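Residues per chain, in single letters:
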Amino acid sequence: MLIDALKSRGLTYAVMVDDVQGHIHRESSKTRRVRRELRRKPAGSIVGTYASSADIVSWLNELAKTSSRVTLHSYGKSVEGRDMTLVKICNSTGTTKPIVFIEAGTHAREWIGHATALWIIDQLATSADADVARLLDAADWYIVPVANPDGYEYTHSTDRFWRKNRSKNNGSACRGVDLHRNWDSQWMKVGASGRPCDEIYAGPSAFSEPETKALRDVIVAAKANVKAYFALHSYSQAWLTSWGYTGQAPPDLDPLLDVAKKGADALMAVYGTHYDVGPGAVILYAASGCSNDWVKEKAAIKYSYSLELRDTGDYGFLLPSSQIEPTAIETWEGIKTAAKLILGIE
């Protein structure tokens, strides 16, 4: 019916996924099978899967018991009362070091971000690789793998394409606020909506949501030592610098681009995956109220980026689980390269 309508109007089109619902069903079946297997396997089995919220919590708790590098911190409660967890990975205590901060899972349906963050956590927590040792000697790593736990749970239980959190909106039957439009960085200036039923609804005010307020407070408390911030999203294959809300460049764009380009080159060297590099408003689309812009604009953390992971639309948010490992490996190579440049260890 849709194709007939497009043809009748002389519009060109391309079919990216023949059967979206069928793909969701196959991936959901695979996820349920993995969950059953996890009950019979050690905790490390979660890495490389699209794990449920409960499985992520269990795995992180076990990891904190078995790795002396890992400590878990509940930094607040979501709208529905779920703990929001900050994972700190350090090779020593009592020494003040620079911090590299990674945020993932703000948009619930972008499962590859959650999975990549978990893969990076596992590498930092368990790897004996010399590169990892150098990075841990140089910095502490703060990682939030599920910044929107209610929305993520909802994508597993009810609506695979859900994006927002699960707030109830006054005067509307539509639920949820887009947390990546809710930060106090040119809030509601562009690429955001004041209508609760829209996917990019920015909320009634900046930081109206417990999820963004709590993460803001974590960043503010640590900002004196945070040297780099990476927000993981999908999809587009883009390494985004500031600003997202205007094409006007920040005064320090050149060093931001230099690090981003070298990170994207390292990422591409693994499997040949190409990433566009540049300000979000220039190479993707304009959007305000985003975390990475707030981190740079308000928290004054120079190197703040948003990475849009695989792919470029063939599968979109339904990236097959077979692509988790290669996506995580290449993303980690890019982030490692950027972190080394920022920390001055290479």
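Before reading on, note that the structure itself is shown above.
Now for a look at the structure at hand.

Conventions adopted
The residue numbering used here restarts from 1 in each chain and proceeds along that chain's sequence as written. Whole-chain, interface and lining totals are the exception, using all residues; otherwise, since this is a predicted model, local features are given only for residues with pLDDT of at least 70 and side-chain atom pairs are given and counted only at 80 or more. As a rule here, side-chain values cover all heavy atoms of the structure and leave hydrogens and water aside. Relative accessibility thresholds used throughout: buried, under 20% of the residue-type maximum; exposed, over 50%; partly exposed, between the two (1.4 Å probe, protein chains only). Every helix listed is a DSSP run of H or I at least four residues long, and every strand listed is a run of E at least two residues long, numbered separately from the N terminus. Any two strands with at least two DSSP bridges between them are considered paired. We call a crossover right-handed when, viewed with both strands directed away from the observer, the connection leading from the first strand over the helix to the second proceeds clockwise. What makes a nonpolar core is a set of buried Ala, Val, Leu, Ile, Met, Phe, Trp, Tyr and Cys residues whose side-chain atoms join them at distances within 4.5 Å. Between two residues, a contact is recorded if the distance between any of their heavy atoms is within 4.5 Å. In plain terms, two cysteine sulfur atoms within 2.5 Å form what is called a disulfide here. Each axis is a line fitted through C-alpha atoms, taken for helices only over the stretch in contact, and angles between the N-to-C directions span 0 to 180 degrees. Here roughly perpendicular refers to angles of 65 to 115 degrees, roughly parallel to angles under 35, roughly antiparallel to angles over 145, and oblique to all remaining angles. For any pair of crossing helices, the crossing counts as left-handed if the nearer helix is rotated counterclockwise from the farther one by less than a right angle, and right-handed if it is rotated clockwise. Side-chain classes are defined by residue name, with Ala, Val, Leu, Ile, Met, Phe, Trp, Tyr, Cys and Pro counting as nonpolar, Asp, Glu, Lys and Arg as charged, and the others, Gly among them, as polar. Side-chain rings of Phe, Tyr and Trp, where Trp is taken by its six-membered ring, are said to pair if the distance between their centres is within 6.5 Å; with planes under 30 degrees apart they count as stacked, over 60 as edge-to-face, and otherwise as tilted. The rule is short: NZ of Lys or CZ of Arg within 6 Å of the ring centre and within 35 degrees of the ring normal puts a charge over the ring.

### Here's the deal with the pairing of strand β6 (residues 238-241)
Then, in step 1: Side chains A238 and L240 project from β6 onto one buried face, and the interleaved W239 and T241 project onto a second face that is buried too.
Then, in step 2: Bridge analysis of β6 against strand β7 (residues 276-279) gives four bridges, and the strand direction is parallel. Of the residues in β7, the one forming a bridge with W239 is V277.
Then, in step 3: Of the crossover connections in this fold, the one passing from β6 over helix α8 (residues 253-271) to the parallel β7 is right-handed.
Then, in step 4: Summarising the sheet, β6 and strand β8 (residues 303-309) pair through three bridges and their orientation is antiparallel. Along β8, the bridge assignment pairs W239 with L307.

### With respect to the nonpolar core
Then, in step 1: Ranked by internal contacts, the top residues of the largest apolar core, which has 55 residues, are W141, F230 and Y305.
Then, in step 2: Per-element tally for this core: the top contributor is helix α4 (residues 111-126), with ten residues.
Then, in step 3: Among all residues touching W141, those that are not within four sequence positions of it are V87, K88, I89, V100, I102, L124, L135, L136, W332, I335 and A339.
Then, in step 4: If you look at the next biggest cluster of nonpolar residues, it comprises 22 residues, including W183, I219, A222 and I301.

### Overview of the state of the cysteines
Then, in step 1: Summed over the entire model, instances satisfying the criterion amount to one disulfide.
Then, in step 2: Here C174 engages in a disulfide with C197; their sulfurs sit 2.0 Å apart. Here the disulfide of C174 and C197 is right-handed, its torsion about the S-S bond being about 80°. Of the two residues, C174 is situated in the loop between α6 (149-157) and α7 (210-222) and C197 in the loop between α6 and α7; the sequence distance between them amounts to 23 residues.

### So, the sheet that holds strand β4 (residues 140-144)
Then, in step 1: Spatially, β1-β2-β4-β3-β5-β8-β6-β7 is the arrangement adopted by the eight strands of the open sheet, whose pairing is mixed. Two strands bound the open sheet, and with one partner strand each, they are β1 (70-77) and β7. The sheet shows a mean angle of 20° between the axes of neighbouring strands, direction not considered.
Then, in step 2: Here helix α11 (residues 324-343) sits on the sheet in contact with β3 (99-104), β4, β5 (226-234), β6 and β8, set at roughly 160° to β5.

### A look at the pairing of β4
Then, in step 1: β4 sits mainly inside the fold: five of its five residues count as buried.
Then, in step 2: Every second residue of β4 is oriented toward a common face, with D140, Y142 and V144 on one face and W141 and I143 on the other, all of them buried.
Then, in step 3: One ladder, built from three bridges, connects strand β2 (residues 83-89) with β4; its direction is antiparallel. When the bridges of β4 are listed, I89 appears paired with W141.
Then, in step 4: Here five bridges tie β3 to β4, and the two strands are oriented parallel to one another. Across the sheet, V100 pairs through a bridge with W141, a residue of β4.

### Here's the deal with the packing of helix α5 (residues 130-138) against α11
Then, in step 1: Taken N-terminus to C-terminus, the directions of α5 and α11 make an angle of 45°; their axes are 11 Å apart at the nearest point. The angle between α5 and α11 places the two elements in the oblique class. In the crossing of α5 with α11, the sense of the turn from one axis to the other is left-handed. Where α5 abuts α11, its residues D131, V132, R134, L135 and A138 lie against W332, K336, A339, K340 and L343.
Then, in step 2: Residue composition of the contact of α5 with α11, by class: six nonpolar, no polar and four charged.

### Here we look at the packing of aromatic side chains
Then, in step 1: Throughout the structure, instances matching the rule amount to 14 aromatic pairs.
Then, in step 2: Geometrically, the ring pair formed by F101 and Y229 is stacked, given 5.2 Å between the ring centres and 25° between the ring planes. With F101 in strand β3 and Y229 in strand β5, the pair connects residues that are 128 residues apart, well separated along the chain. The same class applies to F101 as to Y229, namely buried.
Then, in step 3: Between the aromatic rings of W239 and Y305, the centroid separation amounts to 5.9 Å while the plane-to-plane angle is 75°, which identifies the pairing as edge-to-face. A residue pair is termed long-range when its members are at least 10 positions apart, and W239 in strand β6 and Y305 in strand β8 qualify at 66 residues. In this structure, W239 and Y305 share a single accessibility class: buried.
Then, in step 4: These aromatic residues form a ring-pair network of at least three members: Y50, W111 and Y152.
Then, in step 5: Stacked on the ring of W111, the Lys or Arg R160 has its end atom at 3.7 Å from the ring centre.

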